[in-house]
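# Breakdown of the fold
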Amino acid sequence: MKDMSDSHTLRFEVTGLNCAGCAGRAERALGAVPGVEEAGVNFATRQATVTGGATPDALRDALKQAGYPAGEKRVRLMIEGMSCASCAGRVERALTGVPGVVAASVNLASETAEVTVLDGAADPQELAQVVTETGYPAHPETEDESDTDDRKDAERRALRRDTLVAGALTLPVFVIEMGGHVIPGFREAVQGLIGQTGSWLLQFVLVTLVLAIPGRRFYRIGLPLLAKGSPDMNSLVALGTLAAWGYSTVALFLPGLLPEGTRAVYFEAAGVIVTLILLGRWLEARAKGRTGAAIERLVSLRPDTARVARDGQVVEVPLAELSVGDVVQVRPGERIAVDGEVTEGRSYVDESMVTGEPVPVEKLPGATVVGGTVNGQGALSFRATAVGRDTVLSRIVRMVEDAQGAKLPIQALADKVVRVFVPVVMAVAAATVLTWLIFGPNLTYALVAGVSVLIIACPCAMGLATPTSIMVGTGRAAELGVLFRKGDALQRLDGVKVVAFDKTGTLTEGRPELVRRVAAEGFEADAVLRLAASAEGGSEHPIARALERAAGADLPRAEGVEAIPGHGLRATVEGRAVLVGAERLMKREGIALGDMGQELRSMSAKGQTPVLVAVDGVIAGGFAVADRVKPGAKAAVAALHERGLKVAMVTGDTQATADAIAAEVGIDVVRAGVLPEGKVDAVRDLQRQYGAVAFVGDGINDAPALAEAEVGLAIGTGTDVAVEAADVVMVSGDVAGAVNALHVSRSVMRNIRQNLIWAFGYNVALIPVAAGVLYPAFGVLLSPMLAAGAMALSSVFVLSNALRLRGLRAAQAEGAESAPELKEARA
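Below: a short report on this structure. This one's a predicted model, so the numbers in the text were calculated from it and none came from an experiment. (Residues numbered from 1 in each chain as written. Predicted model: local features only at pLDDT ≥ 70, side-chain atom pairs only at ≥ 80, totals over all residues. Heavy atoms only, no water.)

### Considerations on the packing of aromatic side chains
Using the criterion set out here, one finds 8 aromatic pairs in the structure. Consider the rings of Phe-204 and Trp-245, whose centres lie 6.0 Å apart with planes at 25 degrees: the pair is stacked. Taken together, the positions of Phe-204 in helix α6 (residues 186-212) and Trp-245 in helix α8 (residues 233-253) put the pair 41 residues apart, joining distant regions of the chain. (Phe/Tyr/Trp six-rings, centres within 6.5 Å; stacked < 30°, edge-to-face > 60°. Helix = DSSP H or I, 4+ residues; strand = E, 2+ residues; numbered from the N terminus.)

### Description of unusual backbone geometry
Of note, Arg-46 is a non-glycine position whose phi angle comes to about 60 degrees, a positive value. Its location among the elements puts Arg-46 in the loop between β2 (36-42) and β3 (47-52). Among the residues examined, Arg-46 registers a relative accessible area of 30% and is labelled partly exposed. (Buried < 20%, exposed > 50% of the residue type's maximum accessible area, 1.4 Å probe, protein only.)

### Thoughts on helix α24 (residues 679-690)
For α24, which comprises 12 residues, the first-to-last C-alpha distance of 16 Å matches the rise-based estimate of 16 Å (1.5 Å per residue) to within 8%. Restricting attention to buried positions, one finds in α24 the residues Lys-679, Val-680, Ala-682, Val-683, Leu-686 and Gln-687. One face of α24 carries all of its buried residues, which in axial projection span an arc of 160 degrees. At its buried positions, α24 is contacted by β18 (498-502), β25 (646-650), β26 (669-671), β27 (693-697) and α25 (703-708). Once α24 finishes, Gly-691 follows within two positions and takes phi at roughly 120 degrees, a positive value. (Expected span 1.5 Å × (residues − 1). Arc of directions from axis to C-beta. Contact = heavy atoms within 4.5 Å.)

### As for the pattern of salt bridges
This structure, assessed with the given rule, holds 32 salt bridges. Its salt-bridge partner being Arg-530, residue Glu-574 comes within 3.3 Å of it at the nearest N-O pair. Here Arg-530 lies in helix α18 (residues 525-535) and Glu-574 lies in the loop between β21 (568-573) and β22 (576-581), a separation of 44 residues in the sequence. In this structure Arg-530 comes out as partly exposed when scored by relative accessible area, which is 33%. For Arg-684, the salt bridge is made with Glu-708, and the minimal N-O distance between the two is 3.3 Å. Of this pair, Arg-684 sits in helix α24 while Glu-708 is found in helix α25, placing the two residues 24 residues apart along the sequence. (Salt bridge = Lys/Arg side-chain N within 4 Å of Asp/Glu carboxyl O.)

### Observations regarding the nonpolar core
Residues Leu-77, Leu-95 and Phe-484 are the most contacted members of the largest nonpolar core, which totals 138 residues. Looking at which element gives the most residues to this core, the answer is helix α27 (residues 736-771), with 15 residues. Apart from the residues lying within four places of it in its own chain, the contact partners of Leu-95 are Leu-77, Val-101, Ala-104, Val-106, Ala-113, Val-115, Leu-127 and Val-131. Among the nonpolar cores identified, the runner-up in size contains 23 residues, and Phe-12, Val-33, Ala-39 and Leu-63 belong to it. (Core = buried A, V, L, I, M, F, W, Y, C linked by side-chain atoms within 4.5 Å.)

### Digging into a nonpolar patch on the surface
A contiguous nonpolar patch, built from Val-165, Leu-201, Val-205, Leu-209, Ile-213, Phe-253, Leu-254 and Leu-257 and spanning about 690 Å² of accessible area, is present on the exposed surface. Tallying contributions element by element places α6 first for the nonpolar patch, with 3 residues. What makes Leu-201 partly exposed here is its relative accessible area of 40%. (Patch = residues over 30% accessible without salt bridge, like charges linked within 9 Å, V, L, I, M, F, W, Y side chains within 5 Å. Areas by Shrake-Rupley, 256 points an atom, 1.4 Å probe, with all protein chains shown as cover.)

### With respect to the sheet that holds strand β24 (residues 618-629)
In spatial order, the strands read β19-β24-β23-β22-β21-β20; together these 6 strands make up an open sheet with antiparallel pairing. Every interior strand has two partners, whereas the edge strands, β19 (508-519) and β20 (558-564), have only one. Averaged over all neighbouring strand pairs, the angle between strand axes comes to 20 degrees, with direction disregarded. Where strand β23 (residues 609-615) lies against β24, 7 bridges are found, and the strand directions are antiparallel. Counted as the bridge partner of Val-613 is Gly-621 from β24. Packed on one face of the sheet, helix α21 (residues 596-605) meets β19, β23 and β24 and runs near 160 degrees to β19. (Pairing = 2+ DSSP bridges. Axes fitted to C-alpha atoms, helices over the stretch in contact; angles between N-to-C directions.)

See the structure below:
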C-alpha cells in the first residue's frame, strides 16, 4: 500500500496466541516478510516487535495466513482547515506514511479521517499530531459529539463574520473603481473630490485591511504550504490576491518601476476575490452542516433523562447513569430512553424512526421496546436490556457514520487528478503570464490572466462531489429504514444485475397460516375449523398453531386426544369423534374423500400443506396451510423488474412449493431444494449466468450467501449473524427495503456522477477561458473577480445538488400492494 524503504520499528498486538509455540509460528511468519530485518513475538504480552521496512499490510497479511491476526483498531480524527480535495489528499498521504497505519480515508465533507492502525503501533494523539504538523489542526474524536458541533458552529460564525467584514471593506473600493463603468461622470466626480492618488490610497488601505484581517486565513495556511513545496487551494488564493495587491501597490507607490501604459491598480480584484471566496466557504459550511442532518436527527431522538425505579422510589436520572436491569417507567407520549423488555402496562409505540413503518406497534409484557421510539397513550414499565453504545439507536448511528466516511471506487479518478492538480495549475498560470508577456499587449493583461487562472482552478468541487452525496444519501436511507453498513455498497448495488431472495422469513412471513378452507356437503367450514383447532389444542406443531390462530378464542375442550405418528390425531370434541391429519390418515381409517380429493390435489399443486378433517367417520372439510407471502412482496418484485433486474429465489423448500410462491410473486429464476451450505453455490451460479448478484436473506443459514454476493441485504428483524454478514440492513423486515436500497443507491450514484461531471467540466472549460484563449477571436478576458465568483459557485452547486437527496422518497412504501413510480423530490 505504501513504500517504507526506511527502516523503522513497529510494536503491535497479535491475537490468537494460545501457547509459546503459537508465538514462535507468528514470529517466523513475520520474519519471512520481505523487508523485515528482525521480528519477535512475546507470548506473555501478546506483542510483536518488528524492525525493517516492511509495510503494515504485508505484516498483517502474513499473520492472517499464519492464523494469528494482528490486532487492529480504528481511529477517527476531527480535522480543521481543509478547504479542498488537495488538502484532504495531503492529510491522507501524511497519515498513510505513519508506521503502523494500514489504511486512511479522509472525508472533506465531514472534516474527518478514518484510520485503521495496527493496535499498539500508533496512538490517536500521535496521528492527530502528524495531521496538525501537516498544516491542519486535528484531534481524536471524543464520545461527546457536542464538542464537534460547537466547533463547526464556531467555524460557521467566524466565516459569516469574516465575510461581512470583508464585504463592508471591499464595497467602497468596488464602487469607486467600477462605478465609472456604469454611472456617467462618476469617475470624474471621485477624482475631482479626492484625486486619483487619493482614490488609490483609500483603496490600498481598505484592501490591505481585507487581506490582513478576514483574508489572513488564506495566507496563514497557504504560504507555509507553498514554502514546503506542497501548495493547496489556499496557496492559489494567496498567490492570486497578493499578485493583484502587489502589482497595485507598486503602481501606487513606485510607478516608475512599471512601463508606461501599464500603471493601473487592481485593489478591487484582490478585495472582491477574498470576499467572494469567503462567501462561498460560508455557504459551503452551512450546506455541509445540513449534510449531517440525518445523524443529528437520530441522535436527538434520545431523551436526556429517564424515570427509574430505585429503592422503592421512582427517580429521574441522566441517561448516562442507566444500567442494564434498571426498571424504567414511561409516561404516555414520552420517548423511550433505552432498549428493554416490557414488564408492566399496555400501550402502542410509534417505531417509525427505526422501521419506517408508520403504524404503531402494540406492546404488552414480554414485548421489546427500542430507545428513541415514542410511547402512545398507555403507561409502560420495562427492564433495560441495552444502554449506551449497545442500543439499537446507537448502532444505527454508528452504521450511518461508518457508511458516510466510506470512499467509493468512483472517487479514485478524482483523487488521482487532485493529487497533481494544484502544481499543474500553478504551472499553467506561470505559462499564461509568460505567454501574455511575449505575445500580449502589456504586463497588465498578463497579470489579469495569471490571477484568473490561479483563482478559478480550485479543486474544492472535486473534493466535495462524492462525500457530500454519500453523507446525505446514506443519512436519508437510514430515515427510510435502510442502513448501509458499508458505504461502498452504494456503488456495488448500483451495478447488480439480479436480486436473489431467500424465501422463508424474507419473501414469506416465516410461519404457516391458514390460507384456504373448504367444507364437505352438509358441513360449515367455520364449525369444522373450530372442531379441528380444539383437537389440535395440545399439539406444539406449527400447523396446529395456525389452525388455532384462525379459529380464534373460546374453543371447546378436547378429550381422549390420541396422536397417530406420521398421520395425525384423533379426539372427541363436544361428543363428536374428530380425525385431523393427512390424506394417508383418511385412507387408513377407510374414509372416502369424495369431492374433497379434487380440492386436495389443488392445494398440493399450489405448494400448500393440506389438512383433512373427518367428523363421526365422514369427511367434513379440508384446510390449506402455507407460509404466507409478505404483503408487498409481489409489488417489490414488480418494482425490481421495472428497473431492469432479474429476480431469483433460493430456498430449501420443495420444487412444487417454490414454484407456487414464484408464480404468485413473479419470480424469474427458482433454485429449490437448496441446502444451507448450497446457497453459496447457488449465488455463484447466478453470478456466472447473469452477473453481479444482490442476495436478500434473514437467517443464520443465509450469512454465507450474504457474504458471497456482491451486495448482501439482511432483513433487520432476522438474526444478528445475518445482519453482521450483510452490507445493507433493512430495519423493518419488509421486502420493500430492497427496492428502496436500490433506489437510494442509483439516486446517490447518479448524483455523484452529476457532481463529478460538473466539477471536472467546470475546470476543463474555464481554465482556458481564464488563460485568455477567447481573447484573440472575441476580445474576451475573464476578470479575476468573475473567476472568484465562478469558483465559489462551483462548490455551492455541488453541495446544493447533493442536498437534493434529502428529499428522496421511498420508491415503495412498506407493505405496498402496488409499485408506485420512483420519485425524487426536487430541491
